[in-house]
Amino acid sequence: MNAKLLGLQAVLSVIGISALMGGRVADAASAPCMAVLDRFTAPDVPAMGPDEEAAPFGSPNAVIPADLPGKGLAQHPMLYVGENCNTMFLVKDGKAIWTYATGKGPEYDDVWMLSSGNILFTRMKYIAEITPDKKVIWRYDFKTPGGPDHTEVHTCQPIGLDKVMFVVNGLPPRLMVVNIKTGAVEVNHEIPGFEAGDANGIHGQFRRARVTAKGTYLISFLTMNQVVEYDKDFKEIWRYKINSPWAALRLKNGNTLITDEKDALTREVNAKGETVWEFDCKADLPAQYQFASAPQSCTRLANGNTIFTSRGKGGQGPQLIEVNRAKKVVWVLQDWKNIGDATAVQILDDPGVPEKPGESEH
């Protein structure tokens, strides 16, 4: 085959992929997670892994509302967890193609698929990284019986393929970076503000922290109603006051996207603290799409759309809603029959290398 034919074949291949992804090119270079999804359905993947514990999910009699915007579970390939459902879901082509169950007790809060195909997640009492064939390759446990030495975890982030950042809720709380290959603790820094804290308040200290593209730490203080950014030496460089910030993301445009759980709104602010975009779920969502529980986290897509996650309430209300910049609802997922509630979602065909800070805005 000559060079011209090879070039034409490559172009046609890209066009085909783009059409399959709704006009958005998602190849191994731009969205590397899409290239490893076949590993999750390989013959050697067990129905239950050696460390899995059964966790029932779904409501067989649940009714999926008709005429919802979008394509239901077929809208996006995604990795999906909810804090009230102890089964993790990998969704592709409108169905869950892989699950991972972790038994009783709270709670999934954060989840990442890496470009390697491994999955990193928090489960409140531990963090783990697992392979597509459900082998645990790393786990870090916390003391969760209660009391002054009680610790727990709700947020994590891969830093390259070998390091993990996470925040330890405790007295005092700490931000840590651990090399999972060598076991070395590379960062172990106390987070200020809880020097005289109450052990009963440990659970609500933090839900999200992120390492930015510049290497700074963006931390959401859930019960202290503020988002604070620190440099690598933990010198404060930015602060924004807002009610109950469950999650904050530093966007590629330099702005910060914050989920205010108390007021059911998500606000994008610039470095000066000025609001450049805001979505108030109570005021901006049509009555028929109202959440039963305020969103906890959100994801900003490359096309500018934003996806909100919700725990729902007893199997009621939407789990995910996607809106565009004009606040038009383009997708509502309400499917309590096939999946559980939503706390975090990673859209797998969105461009970016997940383990490279700043590239995955979730």
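In case you missed it, the structure is sitting above this.
A. Broad picture of empty space enclosed by the protein. With the rule as written, the count across this model stands at three cavities of 30 Å³ or more. Its boundaries defined by the atoms lining it, the largest cavity holds a volume of some 120 Å³. Along the walls of the largest cavity sit 16 residues, with Q346, I347, D350, P351 and S360 positioned nearest its centre. Put simply, the parts of the chain that give the lining of the largest cavity at least two residues each are β20 (298-300) and β24 (344-347). Looking at side-chain class alone, the lining of the largest cavity contains six nonpolar, five polar and five charged residues. What the second largest cavity holds in volume is close to 100 Å³. Lining the second largest cavity are 14 residues, and of these R210, V211, R250, G358 and S360 sit closest to its centre. When contributions to the lining of the second largest cavity are tallied by element, the ones reaching two or more residues are β12 (206-211) and β16 (245-250). Of the residues that constitute the lining of the second largest cavity, the class distribution is six nonpolar, four polar and four charged.

B. Inspection of unusual backbone geometry at higher detail. Along the chain, P106 connects to E107 via a cis peptide bond; the corresponding omega equals -20 degrees. Assignment of secondary structure puts E107 in the loop between β3 (95-101) and β4 (111-113). A cis amide bond links L171 with the next residue in sequence, P172, at an omega value of 0 degrees. For P172, the position within the fold is in the loop between β9 (163-169) and β10 (174-179). Residue M124 is not a glycine yet carries a positive backbone phi of 70 degrees. With respect to the helices, strands and loops of the structure, M124 is situated in the loop between β5 (119-122) and β6 (126-130). Look at M124 and you get buried, because its relative accessible area is 11%.

C. Inspection of the layout of surface pockets at higher detail. Counted as a void, the second largest pocket has a volume near 230 Å³. Forming the boundary of the second largest pocket are 15 residues, of which T212, K214, R250, L251 and G254 lie nearest the centre.

D. The arrangement of the nonpolar core in detail. M88, W98, V111, M113, I119, F121 and L348 are the most contacted members of the largest nonpolar core, which totals 23 residues. The set of elements that each furnish at least two residues to this core consists of β1 (78-82), β2 (85-92), β3, β4, β5 and β6. No other element matches the three residues that β6 contributes to this core. Beyond its immediate stretch of four places on either side in the chain, W98 contacts F40, V45, M88, F89, L90, I119, I130, T131, P132 and K134. Counting residues in each nonpolar core, the second largest holds 17 residues, with L249, L285, F291 and V332 among its members.

Conventions used here
Residues numbered from 1 in each chain as written. Predicted model: local features only at pLDDT ≥ 70, side-chain atom pairs only at ≥ 80, totals over all residues. Heavy atoms only, no water. 1 Å grid on protein atoms, 1.4 Å probe; cavity = no way out; pocket = protein on both sides within 12 Å on 5 of 7 lines; lining within 4 Å. Points joined across faces, edges and corners; volume = space filled by probe spheres on them. Helix = DSSP H or I, 4+ residues; strand = E, 2+ residues; numbered from the N terminus. Nonpolar A, V, L, I, M, F, W, Y, C, P; charged D, E, K, R; others polar. Buried < 20%, exposed > 50% of the residue type's maximum accessible area, 1.4 Å probe, protein only. Core = buried A, V, L, I, M, F, W, Y, C linked by side-chain atoms within 4.5 Å. Contact = heavy atoms within 4.5 Å.

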